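Spelled out, the chains give:
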Amino acid sequence: MPMIFLAITSTGLAQALLAATESDATWCGSDAISEADYAARQWPNLSRFAYSLEDRVLIDDAVSTIEEHHPGQTVWVEATAVR
């Protein structure tokens, strides 16, 4: 079964992309990758939220959105010191 990653930081995004296989999906907030880098991305299964994931409420909302797109799949969330 594919894995779903949610990266909060640019470091977490780099790690998730290294760990992800072709069948995995990676999502991130706007702080993890710039719009220009996202537009030029080389990762077909990368999705970027238009907002940063700066607090727990935003992360919870992002996970809910991901679950709508990937029902029944486990979402791995990067652990950070969230405000």
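Right, let's walk through the structure included here.

Criteria and thresholds
Residues numbered from 1 in each chain as written. Predicted model: local features only at pLDDT ≥ 70, side-chain atom pairs only at ≥ 80, totals over all residues. Heavy atoms only, no water. Helix = DSSP H or I, 4+ residues; strand = E, 2+ residues; numbered from the N terminus. Rg over C-alpha atoms; globule rule 2.2 N^0.38 Å. Buried < 20%, exposed > 50% of the residue type's maximum accessible area, 1.4 Å probe, protein only. Areas by Shrake-Rupley, 256 points an atom, 1.4 Å probe, with all protein chains shown as cover. Lys, Arg positive; Asp, Glu negative; His and termini not counted. Charge placed at Lys NZ, Arg CZ, Asp CG, Glu CD. Pairing = 2+ DSSP bridges.

## A closer look at the overall build of the chain
Summing up its helical and strand segments, the chain has three helices and four strands in all. Its helices and strands in sequence order give the chain the pattern β-α-β-α-β-α-β, from N to C terminus. Here the chain has a C-alpha radius of gyration of 12 Å; the compact-globule value for 83 residues is 12 Å, and the two agree. Dimensions of the chain, computed from the C-alpha atoms along their principal axes, are close to 30 × 30 × 20 Å. Residues classed as buried in the chain amount to 34% of the 83 residues present. In the structure as shown, the chain presents an accessible area of about 5,200 Å², 52% of it carried by carbon and sulfur atoms. Distance between charge centroids for the chain: 4 Å, based on 4 positive and 12 negative side chains.

## Some points on the pairing of strand β2 (residues 25–28)
Residues of β2 alternate between two faces, with A25 and W27 on one and T26 and C28 on the opposite face, all of them buried. Strand direction decides the pairing type here: strand β1 (residues 4–7) and β2, joined by four bridges, are parallel. Looking at the pairing, I4 lines up with A25 of β2. Alignment of β2 against strand β3 (residues 46–48), held across three bridges, turns out to be parallel. Within the sheet, the bridge partner assigned to C28 lies in β3 and is R48.

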